Each structure stands twice: as structure tokens, then as C-alpha cells.
Amino acid sequence: MSRPGVAIVGGGPAGLYLSILLRKSGPDMEVTVFDRNTPQDAYGFGVVFSDETIDHFEEADPESYDAMAQAFRGWGEIKVRHPTGQELVSGGHGFSAISRRTLLEILTDRAKGLEVDLRFSNEVGDSSALGWADVVVAADGANSMLRRELAPHLQPSVELARNKYIWFGTPKVFDEFNFIFEDTDAGMVWAHIYPYGDDGSTFIVEMTPETWTALGFAATAANESTAGQSDERALRVCEEIFATHLEGWGLLGNNSRWLQFPTVACARWHHGNVVLMGDAVHTAHFSVGSGTKLAMEDAIALARVVISEHDHERAFERYEEDRRPEVESLQRAARASRNWFEGADRYRDMAPEQFVFSLLTRSQRITYDNLRIRDPAYMGGVDAWYASSEHRCPDPVGPDVPPMFHPFKMRDMVLPNRIVVSPMDQYSAIDGVPNEWHLVHLGSRAVGGAGLVMTEMTCVSPQGRISPGCTGMWNDQQATAFARIVDFVHDHTNSRIGLQIGHSGRKGSTKFMWEGDSDPLDEGNWELMAPSPIRYRPDSQVPREMTVTDMGRVRDEHVVSALLGAGAGFDMLELHFAHGYLLSSFLTPLANRRGDRYGGSLENRMRYPLEVFAAVREVWPDDRPMSVRISATDWVEDGFDGDDAVVFARALKELGCDLVDVSTGQTTIEADPEYGRLYQTPYSDRIRNEVGIATMTVGAVASIDDVHNILVAGRADLCLLARPHIVDPYWTLNAAIDLGYTGHAFPNQYLAGLGSRRRQQDPIAPDVFRRLNSP
């Protein structure tokens, strides 16, 4: 059987590398590369790879790898200059870079040696011009013309980043990767810099659009930058901003113009005999330095299946199945990295140690534990700074205390650690009265060592229940039953306990979760109320629009619940303004279509929730903190979003709110959340650092490392864990054991078991813990 003729559109690193891998499989593999540029064209300056990626290149084609290896410039350190001028260095990162021009020359020479048909200055804008080819590979970059031609089949999306950036080079050879942050009168400007050889470094300048406009770039960019030419004013201004670091060296342009990074994604990677790879099908923000890496790894995977599969459709499916998971994972990391830089101004007042740690861990691919392995000395300095910093820790702690075990103080409440058992609806109450199930559920998690345990949403009235099994706080019987649980937590553990109260609104009168989440009751329904008569689901009951009288009554019901909760001895009170329940429905324009002073603008939509908070804060004891849970985004276009959440959190703070419990979504069935590890934490990060209020983060927080990343980077003050506490009520005690931390109190009744488990890992005698627990 004859081997396919392959046409590759795009002569960048990926297209050339694919031609090499295909052609070396045998002389009967006909490969032609078409490129719009000449062999002398090379836009950009350097290309960076991780050590792991380089190993893949050595395995795929030793000949080209040997040539690249001779030209690589490697480094292991990342140096960060804080806006104050302080510099910190983290080591152990393992990267190498090469001049883009040199890389193209190496790959071109290797392709010529294998007799690849290279056709430069030959642009292909239509796949019909390649009818002779069995396989057509679109490797024609982020502005791919072939992707545009096949858009109805590939369903591409292009999302432009908010920030402006421009790509320069410099003859100055920096010793390592540098992030340099400079304060200007217009705002912060920063550079991503890495050496690519003995004759220069890549120098990328980035800033927010507000700073870009204030520096005058908006007015001159269009006039001074024409096709193929660099923006000379931008080059001169950036030289002035970074003059101290350039040390007399200048910046070099190479078609250098202001850009906004496009994140490209495609629902399908192939159609017919055309398959896409590299930037043509996916891009990853330059701050993770992985565009060329991904493209060349695509080439390795695609070559493998084209060589082994005679059916090109099956080959393309295998290629996409192989590459898509890794690409999407990296794109998520790149999006997180991009978002950090888009919000960089909110971190400018952080201490240098926290600023740098936040920067290094921004994509979640580098973590607290990972950095400890890479550079123990650097992390020793981070731990020492965190222990000495002002982070609501009431008493001094040493750097040997893991961050999650630093105490936390709000008003007069002191938590022994930063772990919180998230509110979890149990649907097990009768007439709103908690029972033995709730005692064991909350009591066991308190015994398990969490600093704070939270009740499920406890409803302020019978009408405000989610289901018939919800707990309530509208009468003395319920308060007495809760007091028994509170007394157990206080008498037998070091934990504190918080009461969460709320009203279900349009999401009420539903079955138990295990019978059908949000499914309406078959019988025994009660009337629902909401800001507007808009049902939650198509099969949900239509709620009655609340009158001003209704609103006053529900406000007063919250006040009564708070008074009962205070009498029951709860240490903290949280109001539930999230997840589409009543107060949340006032905040989102998706559920609030009122025409009065409680609907329309954000200011109006916030009005009633703020009135409820103010009324409750007035009666809740002044020495005890109050929290509010919010959905920081609806995950729907034109819904309540992160900007709104910042405004609302600022208003809560002004009314005496101590803590914002930052969740997201569940306000509409149209939501499309970006699920993933710590996927809600960026909203907590933003509110904490823009508003200056303590936050709790929740959502896919699962490990000790997750908790330490969040705390040390200043993304939240407390971490809520739900599912981990379902399977392990003693999650916090086990974390202390896993960390070898002996400063956390253990129940005397469990010391024997503790010693047994500990000896399986690292012998620490039980009497050590007895001494620590003794008065």
C-alpha cells in the first residue's frame, strides 16, 4: 500500500518538525511544506522549553536534538523584582531557550537533508489548492486561514486577553528568567525576560489597558505601527521605563507591535483530510511559555499516527484523543496565569515575599510543596515571612508551624487553624429541629480538628425551607436543639461553630437531594416568593413577586433567627446570599426584573440584601463576627459577575461584615462553570485583595498543598472543605499527622490510635502528643 502524500501549510517550528518526523519514517513518504515567509524571516526572538519537553525531542529525532542542544541556553532560577525594588530568586525550575531564528535554521537544514520539499514564499489560503494531497496539515499559526475556511466544521473560538503586550529583544544577556515590575505614574508595567543565547534575551512588556492608555500608547499605536514595522515610540518609552535593568543596552524590534493575546480553541481538530496542529488549533498564553512546546509535541503525536494508521480519519481521531487532554490542561493553567497578570495591580501592595509566591504559583502547576522540593532555602524564607506577617494570627508562631495551623482571629473569635467544614445540607430535620444526625455530623467534624464547623443553611421560616427536611431557626425548640450541638463542640473540642441562615426563595419546596436535586415536591408544596415571578427551572413552581411588606417580614425573620442563634451560643453568623436562594436572587439580574428601587441597577439590586444584613448586624453580638456567602459570578453572560461581587463585598464591609464566603454559580440552570481545581478561588483572591476584607474560599479544595497555596499567596484567609470532610471527618487531624506537626491538639480518647498510625510513617511517641495536650 502506498504511503500518503502530506501537505503541511506553515513552515514554523511545528510544521518543519512534523515534516522531519514523517520523512525520516521512509523515503516513500512524500512531504511538502508551504510557508508564506522566506527562509530569512523569523518573527520573535527566543523560544523556551522545559527540561521535560527537551527529553521528548531527543527521543523523537536525535539528530535535530543534538543541534538544538548545542545552541540551548539553560537556567534554573527565576528572579522577580517587586515594585518596591526588592528582588527575590527561586531556583530549581529547569528551562532552556534557543533563538527562534537558530531553531528554524536547524529544522530547515534537517528537513532539507531528508529531502523534504520546502516551498517558501508560497501562501496557501484554501485547501482546494492541495487536492493532490492525501493529508493536509494546517500549521499556519494563530491566524490560520485554513481554520477560518473550515470554521463551520471545526467550531473555533478566539478569546482576546485584556492586557496589552509587545514583544522585543535586547542584546543584553540576562542570567536567568526575570520578571521585572516597575511602578509608573500611570500604573504598573512589567517585563517577562529570558536569555535565548549568548547574544541576547527576549523582552516582553505587558500592562493593563488602563495603564497603556494613560501612557499615551493608544493614541500613537495605530499611527506608528504599520505592517512589518515596529512601534518605535513604544520601543523608546519601554527603554526608558526599564533603563536601570537594561544597563545601557537598548531594545530591539522585530515587527514589534502592541497586541492582545488570542486564546484559540476548537471543538474539533480535523475535518475531511485536513488536520490542525499548534497555534492553528490551540494557543496558550505567553506567560507560561508553552506555545512552541505544544506545537512540536503535536507534531510528534501526529507523526506517530499518520505513520501507523492507513485510515487518516482514524489517525486524526487518535491524535486528537491523545493531545486534547494535555492541551486543555495547559490552557487552563495558561488562563489562570493570564488572569493573574490581568489583575496584577491588585497585588502591588503585597509584601515582596507574598507577591513573588503568588506569582510563582499563579497557574497551579507550581505549588507550595513543589517549590519546597525545587528550592528549600527559598521556601524557608517564605515560611519565615508568613509566620511573622500580619495575617490575623493572634499570637506569634514559628516558621515550623504549617500555614494551615496558624490560628485565626476575627473580633473575639479565635480559630485554632484555617480549616472550615463547609455548610452541607443534610435534609434530615423534622419540623426544622436538628437531631442526633446533626449532632454526629457536626460534632464528629469538630472532634476531627477543623477550626470552624458550619451548619447547613438553616432556614428563617417554614416558607424559607429548601425541602421538608431542612433545619430551621424560627422557634425556641429549634434553638434549644442547636444549643445542644453548640455545647458539645465547645465542651469537647477546640473548634468553633458557625450558624448559616437563609431563605430558599424560588428554589424552595423541593425533594431531598437524593430524591432529585431541585425537583419540586410531588405533594405538600408551599408558596414560593422571589424578587420577580421567574421560575428556577421549567418544571419549578412560579414564585410570587415579593411585596415591600413581604420583604420587611423576611428581614425580620432573619433578625429573629440571629437572636435565637446568639442565644444558642454560636460563635459566628453567616447570611446565605448565594446559590440562587432568596437574597441571591435579588442580586442577579437573571432573577430580579423588578421595576422599583429594588431592581434594575446593581445599586438597586443590592439594596434589599444590604438592608437585611444591616438589620441582622445590629442585633448580632458585637464581639462575634458575621460572614456572608455570595455567588461571585452567575457563570452567564450579562449576569452577576466578578466586578459586581467586588462592589457588593465593599458595601458589606462598610456595614460591618467581617468575612466574605466566596462561592459561585447555582443561580441559574444556564450556568456554564469553568470547573477545575480551586476554580472558585480566583474570585476570593480578587475580593480579598481589592476590597481588603477577609475571605473564605470553597470549591475543589482537596489537599494540604491546596490549602497552603491559598493561604500563603493571600488568596483567602480560611479554606472551606466539604467533600473531603464527608469521607474523612478527621481530615484536619490526619493532615497534622501527615505533616508531622505535633502542635495540634488531639482528643485524649484517640491518642492510642494516633500513635499506631503515626508509627506506620515516622515514629513519634504518643506521649509527645499527651504532653502537648496537657494544661
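See the structure printed just above.
As the structure is a prediction and not an experimental result, all values here were calculated from the model.

Side note on the packing of aromatic side chains
What describes a pair of aromatic rings is the distance from one ring centre to the other and the angle between the planes of the rings. Taken as a whole, this structure holds 39 aromatic pairs when the rule is applied. Here phenylalanine 203 and phenylalanine 242 contribute two aromatic rings whose centre-to-centre distance is 5.4 Å and whose plane-to-plane angle is 75 degrees, an arrangement assigned as edge-to-face. A residue pair is termed long-range when its members are at least 10 positions apart, and phenylalanine 203 in strand 14 (residues 200-207) and phenylalanine 242 in the loop between helix 9 (232-241) and helix 10 (243-246) qualify at 39 residues. Neither residue differs from the other here; phenylalanine 203 and phenylalanine 242 are each classed as buried. A centroid spacing of 6.3 Å and a plane angle of 35 degrees characterise the contact between phenylalanine 577 and phenylalanine 648, whose relative ring orientation is tilted. Taken as a pair, phenylalanine 577 in strand 25 (residues 572-577) and phenylalanine 648 in helix 21 (residues 642-654) lie far apart in primary sequence, 71 residues in all. This pair shows no difference in class: phenylalanine 577 is buried, exactly as phenylalanine 648 is. Counting every residue linked through ring pairs, the aromatic cluster contains Trp75, Phe95, Phe177, Phe179, Phe181, Trp190, Tyr194, Trp340, Phe341, Tyr347 and Phe355. Sitting above the plane of the phenylalanine 174 ring, lysine 172 keeps its charged end 4.3 Å from the centroid.

Some words on the sheet that holds strand 20 (residues 419-421)
If you trace the eight strands once around the closed barrel, you get 20-21-22-25-26-27-28-29, paired in parallel fashion. Ignoring which end each strand starts from, the neighbouring axes of this sheet average 25 degrees apart. Sheet topology places strand 26 (residues 626-631) next to strand 27 (residues 659-663); five bridges connect them, and they run parallel. Counted as the bridge partner of valine 628 is valine 660 from strand 27.

Observations concerning the sheet that holds strand 4 (residues 73-75)
Two strands in a sheet stick together by hydrogen bonds in their backbones, pointing the same way (parallel) or opposite ways (antiparallel). Strand order in the open sheet formed by three strands is 3-7-4, with antiparallel pairing between adjacent strands. The open sheet is flanked by strand 3 (46-50) and strand 4, the only strands paired with a single partner. When strand polarity is set aside, the average angle formed by the axes of neighbouring strands in this sheet is 25 degrees. Note: strand 3 against strand 7 (residues 95-99), five bridges, orientation antiparallel. Each bridged residue has a counterpart across the sheet, and for phenylalanine 49 the counterpart in strand 7 is serine 96.

Digging into a negative patch on the surface
Residues Asp51, Glu52, Asp55, Glu58, Glu59 and Asp66 make up a contiguous surface patch of negative charge. Broken down by element, the negative patch gets its largest block of residues, five residues, from helix 2 (residues 51-60). On the secondary structure map, glutamate 52 appears in helix 2.

With respect to the pattern of salt bridges
Counted under the stated rule, the structure contains 48 salt bridges. Residue glutamate 210 pairs with arginine 162 through a salt bridge whose shortest N-O separation is 2.1 Å. On the criterion of sequence distance, the pair formed by glutamate 210 in helix 7 (residues 209-214) and arginine 162 in the loop between strand 10 (156-160) and strand 11 (164-170) is long-range, its members being 48 residues apart. Of the charged contacts, one joins arginine 715 and aspartate 685 as a salt bridge, the two residues approaching to 3.7 Å between their closest N and O atoms. With arginine 715 in the loop between helix 23 (704-712) and strand 29 (718-721) and aspartate 685 in helix 22 (residues 681-691), this residue pair connects regions lying 30 residues apart in the sequence. Relative accessible area serves as the criterion here: at 4%, aspartate 685 is assigned to the buried category.

With respect to the state of the cysteines
Following the criterion strictly, the structure yields zero disulfides and no others. Left unpaired, cysteine 657 is separated from the closest cysteine sulfur, that of cysteine 719, by 18 Å. Residue cysteine 657 is classed as buried on the basis of its relative accessible area of 6%. Among the cysteines around cysteine 719, which has no disulfide bond, cysteine 393 carries the closest sulfur, lying 15 Å off. Cysteine 719 sits in the buried class, given a relative accessible area of 0%.

Considerations on the packing of helix 21 against helix 22
Packing of helix 21 against helix 22 leaves a shortest axis separation of 10 Å and a crossing angle of 50 degrees. One element, helix 21, and the other, helix 22, form an angle in the oblique class. As helix 21 packs across helix 22, the resulting crossing turns out to be right-handed. For the pair helix 21 and helix 22, contact is made by Gly642, Asp643, Ala645, Val646, Ala649, Arg650 and Lys653 and by Tyr683, Arg686, Ile687, Glu690 and Val691, respectively.

Section: the environment of tryptophan 340
By the secondary structure assignment, tryptophan 340 is in helix 12 (residues 312-342). Residue classification places tryptophan 340 among the buried residues on the basis of a relative accessible area of 4%. Between the C-alpha atom of tryptophan 340 and that of aspartate 685, which follows or precedes it by 345 residues, the distance is 9.9 Å. Apart from residues no more than four positions distant in its own chain, tryptophan 340 is found in contact with Phe181, Tyr347, Phe355, Ser358, Leu359 and Arg362.

Regarding helix 2
For helix 2, the full list of buried residues reads Thr53, Ile54, Phe57 and Ala60. All buried residues of helix 2 lie within an arc of 120 degrees about the axis, which places them on one face of the element. Facing away from the buried surface of helix 2 by more than 90 degrees, the exposed residues are Glu52 and Glu59. Against helix 1 (13-23), strand 3, helix 3 (62-71), strand 7 and helix 11 (291-308) lie the buried residues of helix 2.

Some points on the side chain of arginine 338
Tracing the sequence through the fold places arginine 338 in helix 12. With residues near it in sequence (within four places) discarded, arginine 338 still touches Glu159, Ala161, Thr263, His285 and Ser287.

Quick notes on the environment of threonine 170
Tracing the sequence through the fold places threonine 170 in strand 11. Looking at threonine 170, the relative accessible area reads 0%, which means it is buried. Placed 69 residues apart in sequence, threonine 170 and glutamate 239 show a C-alpha to C-alpha distance of 10.0 Å. Excluding residues within four positions of it along the chain, threonine 170 makes contact with Asp199, Gly200, Ser201, Phe203, Leu246, Trp249, Gly250, Leu251 and Leu252. Here lysine 172 takes part through its backbone nitrogen, which lies 3.2 Å from a polar atom of the side chain of threonine 170. A distance of 2.8 Å separates a polar atom in the side chain of threonine 170 from the backbone oxygen of glycine 250.

Basis of the calculations
- Residues numbered from 1 in each chain as written.
- Predicted model: local features only at pLDDT ≥ 70, side-chain atom pairs only at ≥ 80, totals over all residues.
- Heavy atoms only, no water.
- Phe/Tyr/Trp six-rings, centres within 6.5 Å; stacked < 30°, edge-to-face > 60°.
- Helix = DSSP H or I, 4+ residues; strand = E, 2+ residues; numbered from the N terminus.
- Buried < 20%, exposed > 50% of the residue type's maximum accessible area, 1.4 Å probe, protein only.
- Lys NZ or Arg CZ within 6 Å of the ring centre and 35° of its normal.
- Pairing = 2+ DSSP bridges.
- Axes fitted to C-alpha atoms, helices over the stretch in contact; angles between N-to-C directions.
- Patch = residues over 30% accessible without salt bridge, like charges linked within 9 Å, V, L, I, M, F, W, Y side chains within 5 Å.
- Areas by Shrake-Rupley, 256 points an atom, 1.4 Å probe, with all protein chains shown as cover.
- Salt bridge = Lys/Arg side-chain N within 4 Å of Asp/Glu carboxyl O.
- Lys, Arg positive; Asp, Glu negative; His and termini not counted.
- Charge placed at Lys NZ, Arg CZ, Asp CG, Glu CD.
- Disulfide = S-S within 2.5 Å.
- Parallel < 35°, antiparallel > 145°, perpendicular 65-115°, else oblique.
- Left-handed = near helix turned anticlockwise from the far one by under 90°.
- Contact = heavy atoms within 4.5 Å.
- Arc of directions from axis to C-beta.
- Polar contact = N/O pair within 3.5 Å; in protein donor to acceptor, adjacent residues only side chain to side chain.

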